[in-house]
Amino acid sequence: MQKKQLFTDRLLAQMPSLRALRCFVTAARYESFTQAAEVLCVTQAAISRQIKELEDSLDVALFERTGRHIALTDAGRILYNASYLSIMNIAEAAEAVRRSEKHAFTICVSHTFSSLWLSSRLPLFRKKFPSMKLHVIVTDHFMEMDDLLEPDVIITKNPPREAEYEVEPLFHDIVYPVCSQEFYDKNFQNKKLKPLDLLSRPTLHLSSLGRAQVCEHVDWRVWRNWFQKGDESDRVIDVDYLESNDYRLLVQQAEVGEGTLLGWHHLVHRQVEQGRLIRPVKEALVFHDRHHYLITHKNAKLRAEYPKFREWLGEEVGAMMSEWSGG
């Protein structure tokens, strides 16, 4: 046992420096000292010096140099094959340690949810929990994130199926038309409106292409089919509309009077509450079987921050849904 320990200690003492190995691996990957220098943000001279010192310590040439071109020697290929994965594992472990040492509680949400729901609530959350560090990841493609980005919680309409996540419904979908007061006064004032009357004036449409994280199965066609009589006596044709896959843009356009928009309650209720948008008709579409979900990583529940976040989130969602009058 003592001999094995002495042998290990001698290997460690003779091991090349990680700095030199990092320069060597990078230069070998790109077959260029110049590109290695750019990647590592050092000078080409520094790369050359580290590799020269590495070759001297091993007493072997690692590269064949022909003008500006370099290629691994047989010895260099052996060292590269052995050291590349080790260097990358160390780099990834170091990054994971950096993240864990920050102790940030990581939340992952979509761009639309971040802009129209979360952003207005964060200041009060941070005031309530001033010592809690937050890391908010905003993406519409959370399943494609880097493996090093492992959120504590995700709020999404499309829950993952991986075993490390727990899934619970957060709130169901409620959709109703909204427009500005100016647009209403110009187009609908003093009229007794029926749901389909909204389609006789400019409407704002969420595109079927490129949209994500907003309930894509509900649009003005759904609205029309929902309220249209079987004999199609109430059939109308859209006279003017703007279409976009960016729901945030459509909300802004509704606020400035460009048309009527189908509003998801969780995304527009604050604007309605503040008078920036109004509901021109009382009718709404309520989907009790379609939800946003809270996705919790199994390790998140072990963190002291999780109960605080979960309680706050429950209070905010409860208050939001209590504002829903049912029409």
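Scroll up a little and you will see the structure.
These remarks concern the structure in this document. (Residues numbered from 1 in each chain as written. Predicted model: local features only at pLDDT ≥ 70, side-chain atom pairs only at ≥ 80, totals over all residues. Heavy atoms only, no water.)

### Observations concerning the overall build of the chain
Within the chain, the regular secondary structure consists of 12 helices and 10 strands. Sequence separation of 24 or more characterises 77% of the internal contacts of the chain that already satisfy a separation of 6 or more. Working note: accessible area of the chain is about 18,900 Å², and carbon and sulfur atoms make up 50% of it. (Helix = DSSP H or I, 4+ residues; strand = E, 2+ residues; numbered from the N terminus. Contact = heavy atoms within 4.5 Å. Areas by Shrake-Rupley, 256 points an atom, 1.4 Å probe, with all protein chains shown as cover.)

### Quick look at unusual backbone geometry
Unusually for a residue other than glycine, Cys41 sits at a positive phi of about 60 degrees. Of note, Cys41 is situated in the loop between helix 3 (33-40) and helix 4 (44-58). Positive phi is not limited to glycine here, since Asn190 has a value of about 65 degrees.

### Concerning the sheet that holds strand 4 (residues 134-138)
Hydrogen bonding along the main chain pairs the strands of a sheet, whether they run parallel or antiparallel. Pairing is mixed across the open sheet formed by eight strands, whose spatial order is 4-3-5-10-6-9-7-8. For this open sheet the edge positions go to strand 4 and strand 8 (241-244), each flanked by a neighbour on one side alone. Going across the sheet, the axis of each strand differs from the next one's by a mean of 25 degrees, ignoring polarity. As paired elements, strand 6 (residues 165-178) and strand 9 (residues 260-264) share four bridges and run antiparallel to each other. In the sheet register, Tyr176 faces strand 9, and the bridge partner there is Gly263. (Pairing = 2+ DSSP bridges. Axes fitted to C-alpha atoms, helices over the stretch in contact; angles between N-to-C directions.)

### As for the layout of surface pockets
Quantified by volume, the second largest pocket comes out at close to 380 Å³. Together, 13 residues line the second largest pocket, and Arg22, Leu40, Ile87, Met88 and Ala91 are the ones closest to its centre. For the lining of the second largest pocket, the secondary-structure elements that each account for two or more residues are helix 2 (18-30), helix 3 and helix 5 (74-102). In terms of residues, the lining of the second largest pocket owes the most to one element, helix 2, which gives six residues. Residue classes in the lining of the second largest pocket are distributed as eight nonpolar, one polar and four charged. (1 Å grid on protein atoms, 1.4 Å probe; cavity = no way out; pocket = protein on both sides within 12 Å on 5 of 7 lines; lining within 4 Å. Points joined across faces, edges and corners; volume = space filled by probe spheres on them. Nonpolar A, V, L, I, M, F, W, Y, C, P; charged D, E, K, R; others polar.)

### Observations concerning the nonpolar core
In globular proteins that are soluble, nonpolar side chains generally tend to be buried together. Judged by nonpolar contacts, the single largest core of 56 residues is most densely connected at Tyr247, Phe309 and Leu313. Of all the elements, helix 12 (residues 305-322) adds the most residues to this core, at seven residues. With residues near it in sequence (within four places) discarded, Phe309 still touches Phe105, Ile107, Phe125, Met132 and Val153. Residues Val25, Ala27, Ala37 and Leu40 belong to the second largest nonpolar core, which totals 21 residues. (Core = buried A, V, L, I, M, F, W, Y, C linked by side-chain atoms within 4.5 Å. Buried < 20%, exposed > 50% of the residue type's maximum accessible area, 1.4 Å probe, protein only.)

### Brief notes about the side chain of Ser32
Here Ser32 is to be found in the loop between helix 2 and helix 3. Residue Ser32 is classed as buried on the basis of its relative accessible area of 14%. Here Gln35 takes part through its backbone nitrogen, which lies 3.1 Å from a polar atom of the side chain of Ser32. Setting aside chain neighbours within four positions, we find Ser32 in contact with Ala27 and Ile70. (Polar contact = N/O pair within 3.5 Å; in protein donor to acceptor, adjacent residues only side chain to side chain.)

### Here we look at helix 12
A rise of 1.5 Å per residue sets the reference length of helix 12, with its 18 residues, at 26 Å; its end C-alpha atoms lie 26 Å apart and thus fit the reference within 8%. Buried within helix 12 are the following residues: Glu305, Tyr306, Phe309, Trp312, Leu313, Glu316, Val317, Met320 and Met321. In an axial view of helix 12, the angular spread of the buried residues amounts to 160 degrees, which keeps them on one side of the axis. (Expected span 1.5 Å × (residues − 1). Arc of directions from axis to C-beta.)

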